[in-house]
Each structure stands twice: as C-alpha cells, then as structure tokens.
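Per-entry structural report
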Amino acid sequence: MKTALITGASSGIGWATALLLSKQGFRLVICGRRQNKLQALSEALETPHQILTFDVRKRQEVFDAIERLEAPFNTIDLLVNNAGNAHGLDPAHEASLDDWEAMIDGNVKGLLYVTKALLPQMIARKNGQIINVGSIAGKEAYPKGNVYCASKAAVDRFTEGLRLDCNPFGIRVGAIHPGLVATEFSEVRFKGDQPRAASVYAKLQALTAADVAQAIAYMVAAPAHVTIADLTILPTDQASAYVVNRNT
Ligand code: 8X3
C-alpha cells in the first residue's frame, strides 16, 4: 500500500483528493491546521491514515510534525502540496502587506518547507511523486491578483526546477493549475464575506473540488514512466484567468 501526504486536507481540493486517493487504496497522512476538520475527514476515509496538525507557514512546526511520523506513515510515496490561500483582491497600491506576506508565507514558503522535509527520503529511495497545486493565476496575472498570482507563478517555476533536480532520481514532479473551483477559497480571500465569495462562482459552472481531485488522481495513476508535468484545468465556462462566460 502506498502512502500519500496531502497538505491543506481540511477542506476543498485537499479534502476531495484525500477522499479519492483513499478510495483508490492509498494510506494517507492528512495535514492541516484545523484538527476538527481533519477529524471529520478521518471519519470518511476508508484506508489507514494519520492526522498531522501543523501550519505550513511555521518552518519548525513543519519539520517537527513530519519528524513525528512513525512507520508505515513515514515513508511517503506521494506528496500533494495543496495548502495555500488567497488573501484579499486589491490593487497593489491599496493591498495589505499582511495579506501579501500571508500568501508568500503559505503558498510559497510553506510549500518549500514541506517539500524540503520530505524530499531527502524520496531522493534516498530514488522513488516518489510530488504534485504541486498551482493555479491558472500562476500562468497569467489578473487585475488585483498581484501577489496571489506571483505566489502561484513561483509554484509553477519551482515545480519546473524541482523536476530538473529530481530527474536523476526517478522522482515524478508535476503541477496542476486549476481555474475557478467552488470551495472556501473565495470566502477566505474575502475574509468571510459570503455574498462576495458566492459572486465569484455565480452564473457559471465552476469546477468542483472533486473535479480537481480526479485530475490529480490521473497524474498519480499514470504509469511510473509517465510524468504529467503540467496540467491546467478550467471550467468550460472559463477561457483564461479573467475571461469567463457567465451566461449559463
Ligand atoms: C484559484 C483560481 O482564478 O481564482 O487559484 O485565481 S483563481
């Protein structure tokens, strides 16, 4: 049985990916900040799993948590670097520096910490797969997306660099870049403003977290000699980061 570690598993894409990979027979390490949410996910999982509570933004917490894992949960075959958020949607001159730092700390530095904590064991075994969750926002900037887009562009470029460095070791490295996915994402971005969050997904058929989980599962299920390096997934109603058909 293979073991997958998923960050940001307490909601959205991370939650849906955990559910699907469990159905497909993976042993899981489900990571997040919210113990109660992870507990709820735990009750829905069909395979052996362990909850690991930490904040990806806290470097020492990340390393300590991963250090705490015991066999068989400490041999990670698949890392899904999903944790990340948007904070605010404001033009650069009005945006909050705290929001900017939260996105750099979580989306970029957090992903780096988790990767750095798990990479040595994959290198030593010459085996493993890393899937980073980027965004269409990392492929193209959109107005007011500034630092969110930059943080996801960093994920995109880091994925490429990591794939180069992992090439001699047979480790598969890829990224998935979703467009609009109806999750808590916009509620977090707009700090709990639910009507504003709902308007992001109004009059279009957004992706569901399960749609993205299916695509991640496709990257995982590809034969060992196949790396899905880069997968952009959009709702059919979305043509680019900011061209959306809201007529449905
Ligand atoms: C989430 C997609 O288009 O809201 O990363 O930036 S978008």
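Residues numbered from 1 in each chain as written. Predicted model: local features only at pLDDT ≥ 70, side-chain atom pairs only at ≥ 80, totals over all residues. Heavy atoms only, no water.

Notes on empty space enclosed by the protein
Rule in force here: Throughout, the protein atoms alone are placed on a 1 Å grid, and a set of points is a cavity if a 1.4 Å probe fits but cannot get out or a pocket if it is open with protein on both sides within 12 Å along at least five of seven lines; lining residues have an atom within 4 Å of a point. Grid points are joined across faces, edges and corners, and a volume is the space filled by probe spheres set on the points. Numbering of helices and strands starts at the N terminus; helices are DSSP runs of H or I of at least 4 residues and strands are runs of E of at least 2. Three classes are used: nonpolar for Ala, Val, Leu, Ile, Met, Phe, Trp, Tyr, Cys and Pro, charged for Asp, Glu, Lys and Arg, and polar for all others, with Gly counted as polar.
By the definition in use, this model includes 2 cavities of 30 Å³ or more. In this structure, the largest cavity occupies an estimated 50 Å³ of space. The element that contributes the greatest number of residues to the lining of the largest cavity is helix H4 (residues 97-125), accounting for 3 residues. For the lining of the largest cavity, the per-class residue count stands at 5 nonpolar, 5 polar and 3 charged. In this structure, the second largest cavity encloses a volume near 40 Å³. In terms of lining residues, the second largest cavity is bounded by Thr7, Val56, Asn81, Asn82, Ala83, Gly106, Gly110, Leu111 and Val114. Broken down by element, the lining of the second largest cavity gets its largest block of residues, 4 residues, from H4.

With respect to the pairing of strand E6 (residues 172-178)
The test is simple: Relative accessibility decides the category of a residue: with a 1.4 Å probe and only protein chains considered, values under 20% of the type maximum give buried, values over 50% give exposed, and everything between is partly exposed. For a crossover, the right-handed case is the one in which the path from the first strand over the helix to the second runs clockwise, viewed with the strands pointing away from the viewer. In this description, strands pair whenever DSSP reports at least two bridges between them.
Within E6, 7 of the 7 residues are buried, leaving the element largely enclosed by the surrounding structure. Alternating residues of E6 divide into Arg172, Gly174, Ile176 and Pro178 and Val173, Ala175 and His177, and every residue in both groups is buried. Between the parallel pair strand E5 (residues 129-133) and E6, the chain is carried across by helix H5 (residues 146-166), and the sense of this crossover is right-handed. In the sheet, E6 pairs with strand E7 (residues 230-233) via 4 bridges, with the strands oriented parallel. What sits directly across from Ile176, in E7, is Leu231.

Some details on the packing of helix H1 (residues 12-23) against helix H8 (residues 209-221)
Spelled out, the test is: Lines fitted to C-alpha atoms define the axes, with helix axes restricted to the stretch in contact, and inter-axis angles between N-to-C directions lie between 0 and 180 degrees. For classification, angles of less than 35 degrees are called roughly parallel, those exceeding 145 degrees roughly antiparallel, those between 65 and 115 degrees roughly perpendicular, and all remaining angles oblique. By convention, the crossing between two helices is left-handed when the near helix turns anticlockwise from the far helix through less than a right angle, and right-handed when the turn is clockwise. Here a residue-residue contact requires only that any non-hydrogen atoms of the pair lie within 4.5 Å.
At a closest axis distance of 8 Å, the pairing of H1 and H8 adopts a crossing angle of 55°. As judged from the angle between their axes, H1 and H8 are oblique. The element H1 and its partner H8 pack so that their crossing is right-handed. Across the interface between the two elements, Gly12, Ile13, Ala16, Thr17 and Leu20 of H1 pack against Ala209, Ala210, Val212, Ala213, Gln214, Ile216 and Ala217 of H8.

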